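For reference, the chains in residue letters:
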Amino acid sequence: MDLQQLRYVVAVAETRNFTRAAERCSVVQSSLSHRIAALERELGVKLFARSSRRTELTSAGEAFLGGARECLAAADRAAADAAAASGVVRGRLAVGVIVTTAAVDVAELLQRYRARHPDVRVFLRGGRSDDLTAAVRDGGLDIAFLGLPEGDLPSGVESVVLDRDEHVLVVPAGHRLAGAGRVTLAEIAGETFVDFAAGSPARAQSDQAFAAAGLVRDVAYEAQVALMTGLIARGLGVALLPSAFIGPPAAADPALALVPVADGPRRVEYLVWSRFNPSPATRALLDVLGVRGQRAAAS
């Protein structure tokens, strides 16, 4: 058994097709099929069930796949560590980013990172702050940019605070509160709201603020932030969103108005990374950000 055979197995498992797997691995299909067949003979089990139309993992293949991925990840990490010892950062960097990240210009950051470390391949993944934190904790991501309600701390990871922000009320331009100097949660609790999915950290920021004020509101639309402003502009609801994120684009949109909220939600943006032996590529990104060795709080 060798690493190349493991790569072939993972490629076939992910593509469910020997031809596409061979293309991904830059090898002729006959060679890939031969190497997998040799591995199956060595193991004494069939890893794949094949027909003219389908390729699927067998139960033995399912059991084998996790270990194969772990072996490949360990080999890649060993190569990256060896390169880092000679001053060259290589390998893979998996970065999680929430859609409302505002404390850091992620594209500009990665531009600077690539200028210093062109041999690192970067993979970006969006998602909810809680899911991204879990992925960092479990090793699926190396580092992530989060936004959490004030008072909530990332759990089981290293973290540093990037910024603190207040939410503003986003309303249609013709709304009765457009142009108001400042409002309170009590004044807007009767509005129809557009918000993030229930149970998400982004939603919790507003839910906790209304609950702390002893208020109940109606969330009629749950949507991704890219759709929220469109719903608001058409008069379907209002929303509370982080001012640093929504400010510049919304302020330039004549269909929207932003109103400060005296007792509105507050959020904290964090950078988090694994507390277990971060990779050279992760440490290099922390260096580019200038946060290496800093801690947000006990987590």
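Values in this document were obtained by computation on a predicted structure and should not be read as measured data.

**Remarks on the overall build of the protein**
Item 1. Helices and strands together make up the secondary structure of the protein, namely 11 helices and 11 strands.
Item 2. By the compact-globule yardstick of 19 Å for 299 residues, the protein is too spread out, its C-alpha radius of gyration being 24 Å.
Item 3. By its C-alpha atoms, the protein is 75 × 50 × 35 Å across when sized along the principal axes.
Item 4. Each of the 299 residues in the protein was classed as buried or not, and the buried ones make up 43%.

**Some words on the packing of aromatic side chains**
Item 1. Going through the model one piece at a time under the given rule, you end up with two aromatic pairs.
Item 2. Residue placement shows R50 over the ring face of F18; its charged tip is 3.7 Å from the ring centre.
Item 3. Looking at R92, its charged tip hangs above the ring of F123, at a distance of 4.3 Å from the centre.

**Let's talk about the layout of surface pockets**
Item 1. Considered as a void within the structure, the largest pocket measures approximately 1,200 Å³ in volume.
Item 2. Lining the largest pocket are 36 residues, and of these L72, A73, D76, R77 and R92 lie nearest its centre.
Item 3. Per element, the largest residue contribution to the lining of the largest pocket is seven residues, and it comes from helix 4 (residues 59-85).
Item 4. Quantified by volume, the second largest pocket comes out at close to 330 Å³.
Item 5. In terms of lining residues, the second largest pocket is bounded by 21 residues, among which V99, G127, R128, F196 and A202 are the most central.

**What about the side chain of H175?**
Item 1. Take H175: it is sitting in the loop between strand 6 (158-172) and helix 7 (185-188).
Item 2. Here H175 falls in the buried class, since its relative accessible area comes to 16%.
Item 3. A distance of 3.0 Å separates a polar atom in the side chain of H175 from a polar atom in the side chain of E191.
Item 4. Filtering out sequence-adjacent residues up to four positions away, H175 remains in contact with E191 and V238.

**Overview of unusual backbone geometry**
Item 1. One non-glycine residue, R16, adopts positive backbone phi at about 55°.
Item 2. You can see R16 is positioned in the loop between helix 1 (3-15) and helix 2 (18-24).
Item 3. Relative accessible area serves as the criterion here: at 54%, R16 is assigned to the exposed category.
Item 4. Phi at S26 takes a positive value of approximately 55°, unusual for a residue other than glycine.
Item 5. Along the chain, S26 turns up in the loop between helix 2 and helix 3 (29-43).

**Some words on the state of the cysteines**
Item 1. Across all of its chains, the model carries zero disulfides by this definition.
Item 2. Considering cysteine sulfurs only, C71 is the nearest to C25, which forms no disulfide, with 16 Å between them.
Item 3. For C25, a relative accessible area of 23% puts it in the partly exposed group.
Item 4. On the accessibility criterion, C71 (41% relative accessible area) is partly exposed.

**A closer look at helix 9 (residues 225-233)**
Item 1. Along helix 9, the residues that are buried comprise V225, M228, L231 and I232. One side of helix 9 carries all its buried residues, which in axial view fall inside an arc of 105°. Residues of helix 9 that are exposed and point more than 90 degrees away from the buried face comprise A226 and L227.
Item 2. Backbone geometry just downstream of helix 9 places G235 in the positive-phi region, at approximately 75°.

**Here's the deal with helix 5 (residues 106-116)**
Item 1. All buried positions along helix 5 are accounted for by V106, L109, L110 and Y113. Taken down its axis, helix 5 places every buried residue within 95° of arc, on the same side. Exposed and oriented more than 90 degrees from the buried face of helix 5 are A107, Q111 and A115.
Item 2. For helix 5, the secondary structure elements touched by its buried residues are strand 3 (91-97), strand 4 (120-126), strand 5 (143-149) and helix 11 (280-289).
Item 3. The opening residue of helix 5 is D105, an N-cap whose side-chain oxygen sits 3.3 Å from the backbone nitrogen of A107.

So, how was this worked out
- Residues numbered from 1 in each chain as written.
- Predicted model: local features only at pLDDT ≥ 70, side-chain atom pairs only at ≥ 80, totals over all residues.
- Heavy atoms only, no water.
- Helix = DSSP H or I, 4+ residues; strand = E, 2+ residues; numbered from the N terminus.
- Rg over C-alpha atoms; globule rule 2.2 N^0.38 Å.
- Buried < 20%, exposed > 50% of the residue type's maximum accessible area, 1.4 Å probe, protein only.
- Phe/Tyr/Trp six-rings, centres within 6.5 Å; stacked < 30°, edge-to-face > 60°.
- Lys NZ or Arg CZ within 6 Å of the ring centre and 35° of its normal.
- 1 Å grid on protein atoms, 1.4 Å probe; cavity = no way out; pocket = protein on both sides within 12 Å on 5 of 7 lines; lining within 4 Å.
- Points joined across faces, edges and corners; volume = space filled by probe spheres on them.
- Polar contact = N/O pair within 3.5 Å; in protein donor to acceptor, adjacent residues only side chain to side chain.
- Contact = heavy atoms within 4.5 Å.
- Disulfide = S-S within 2.5 Å.
- Arc of directions from axis to C-beta.

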